[in-house]
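Listed below, chain by chain, are the residues.
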Amino acid sequence: MKAMILAAGLGKRMRPLTDHLPKPLIEVRGKPLIEWHLERIARAGITEVVINISYLGQMIREYIGDGSRWGLKVAYSEEPEPLETGGAVLHAADLLGSEAFVLINADIFTDYDLGPLIERGLQNGEKGNLVLVPNPGFKFRGDFDVQEGKLLLLEDGSHGYTFAGISLLSPELVLSYPNSTPVFGLAEVFRRLVGKRSLGAELYLGQWSDVGTAERLAAVDASL
């Protein structure tokens, strides 16, 4: 099994920190965000990682290299401009291959253990399995709901849960999406598949933070 880390974003909300440094290299507790993910991926027994890069991508490539210091083999999917989450997976399809892979957003910080997600795999024709978390303080309404291990759309009056930016996906989820364009988000793919009950989901109650702004970064550092 392979993993992919989404690391091509511009990090506009983190400026001026990201004026000269890509967001995945911003440090949390003295270590770049992306390194926390690489360590967690290696502990889960995954050995091959694809990282998409665009904005200041050469800095990420220089820091990580071939991944050997984490016991990993890293390949890079270079994007002329950020292609959003769906476009990134589609662009990296040849590097990812045909088997299910773990997908992680680089701009989150968590203690989530990838092991159970990998062990569960995709069941009963599922095309993906998403990790959800309780809505953070800055987000009143979530993205989805979950019931009996299946992803559901939010109903009226439901606050639901937030997609954690961690998932196990079949490449077919993107390759078979009829409305794909060079630049598109996975959220629209997920919503299309929810009605078909072909996406699994789990709720994680451990440590998780979206490190999307300088204020959230400071809050994560303070919590540690």
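Residues numbered from 1 in each chain as written. Predicted model: local features only at pLDDT ≥ 70, side-chain atom pairs only at ≥ 80, totals over all residues. Heavy atoms only, no water.

Asker: Can you walk me through the nonpolar core in this structure?
Answerer: Within soluble globular proteins, side chains that are nonpolar tend to cluster in buried spots. Ranked by internal contacts, the top residues of the largest apolar core, which has 31 residues, are I41, I51 and I64. Ignoring any residue separated from it by four or fewer positions in sequence, one finds I51 in contact with I5, A7, I34, I60, I64, V74, A75, Y76 and S77. One finds V89, L96, L169 and L186 within the second-largest nonpolar core, a separate group that totals 26 residues. (Core = buried A, V, L, I, M, F, W, Y, C linked by side-chain atoms within 4.5 Å. Buried < 20%, exposed > 50% of the residue type's maximum accessible area, 1.4 Å probe, protein only. Contact = heavy atoms within 4.5 Å.)

Asker: Could you clarify how one ought to interpret the pairing of strand 11 (residues 162-169) in this entry?
Answerer: In summary, the side chains of a regular strand alternate between the two faces of the sheet. The buried fraction of strand 11 is high, at eight of eight residues. One ladder, built from four bridges, connects strand 6 (residues 101-105) with strand 11; its direction is antiparallel. Following the sheet pairing, L103 is matched in strand 11 by S167. Bridge count for strand 8 (residues 128-133) against strand 11 is five bridges, and the pairing is antiparallel. Its bridge partner lying in strand 11, V133 is registered against T162. (Helix = DSSP H or I, 4+ residues; strand = E, 2+ residues; numbered from the N terminus. Pairing = 2+ DSSP bridges.)

Asker: Looking at this structure, I do not really get the pattern of salt bridges. What am I missing?
Answerer: Pairing between side chains of opposite charge can happen when their charged atoms approach one another. Taken as a whole and assessed by the stated rule, the structure comprises six salt bridges. Residue K31 pairs with E39 through a salt bridge whose shortest N-O separation is 2.9 Å. Its salt-bridge partner being K150, residue E126 comes within 3.2 Å of it at the nearest N-O pair. Residue E126 is located in the loop between helix 5 (114-120) and strand 8, and its partner K150 is located in strand 10 (residues 150-152); the two are separated by 24 residues in the primary sequence. In this structure, E126 and K150 share a single accessibility class: buried. Sharing partners across several salt bridges, the network here consists of R120, E126 and K150. (Salt bridge = Lys/Arg side-chain N within 4 Å of Asp/Glu carboxyl O.)

Asker: Explanation requested: the pairing of strand 8 in the structure shown.
Answerer: In terms of burial, strand 8 is a largely internal element, six of the six residues being buried. Where burial is concerned, the two faces of strand 8 agree: the one with G128, L130 and L132 and the one with N129, V131 and V133 are both buried. Pairing analysis gives five bridges linking strand 8 to strand 12 (residues 199-203), with the strands arranged parallel. Of the residues in strand 12, the one forming a bridge with N129 is G200.

Asker: Sorry, what's going on with unusual backbone geometry here?
Answerer: With the exception of glycine, most residues fall at negative phi, and the peptide bonds are largely trans. The phi dihedral of L56 falls on the positive side, at around 50 degrees, and the residue is not glycine. Phi at N124 takes a positive value of approximately 50 degrees, unusual for a residue other than glycine. With respect to the secondary-structure elements, N124 resides in the loop between helix 5 and strand 8.

Asker: Would you take a moment to explain the environment of L33 for this structure?
Answerer: Take L33: it is sitting in helix 1 (residues 33-43). Put simply, L33 and A201 are 168 residues apart on the chain and 24 Å apart in space, counted from C-alpha to C-alpha. Each residue touching L33, except ones within four places of it in the same chain, is listed here: K23, P24, I26, V28, A106, D107, I108, F109 and V211.

Asker: Just to check I follow, could you spell out the environment of D66 for this structure?
Answerer: Mapped onto the elements of the fold, D66 is located in the loop between helix 2 (57-64) and strand 5 (73-78). Looking at D66, the relative accessible area reads 48%, which means it is partly exposed. D66 sits 60 residues away from E126 along the chain, and the two C-alpha atoms are 32 Å apart. The residues contacting D66, other than those within four sequence positions of it, are L72, K73 and V74. Within the structure, the side chain of D66 is placed 2.8 Å from the side chain of S68, a separation counted as a polar contact. (Polar contact = N/O pair within 3.5 Å; in protein donor to acceptor, adjacent residues only side chain to side chain.)

Everything listed is a geometric property; what it means functionally is a separate question.
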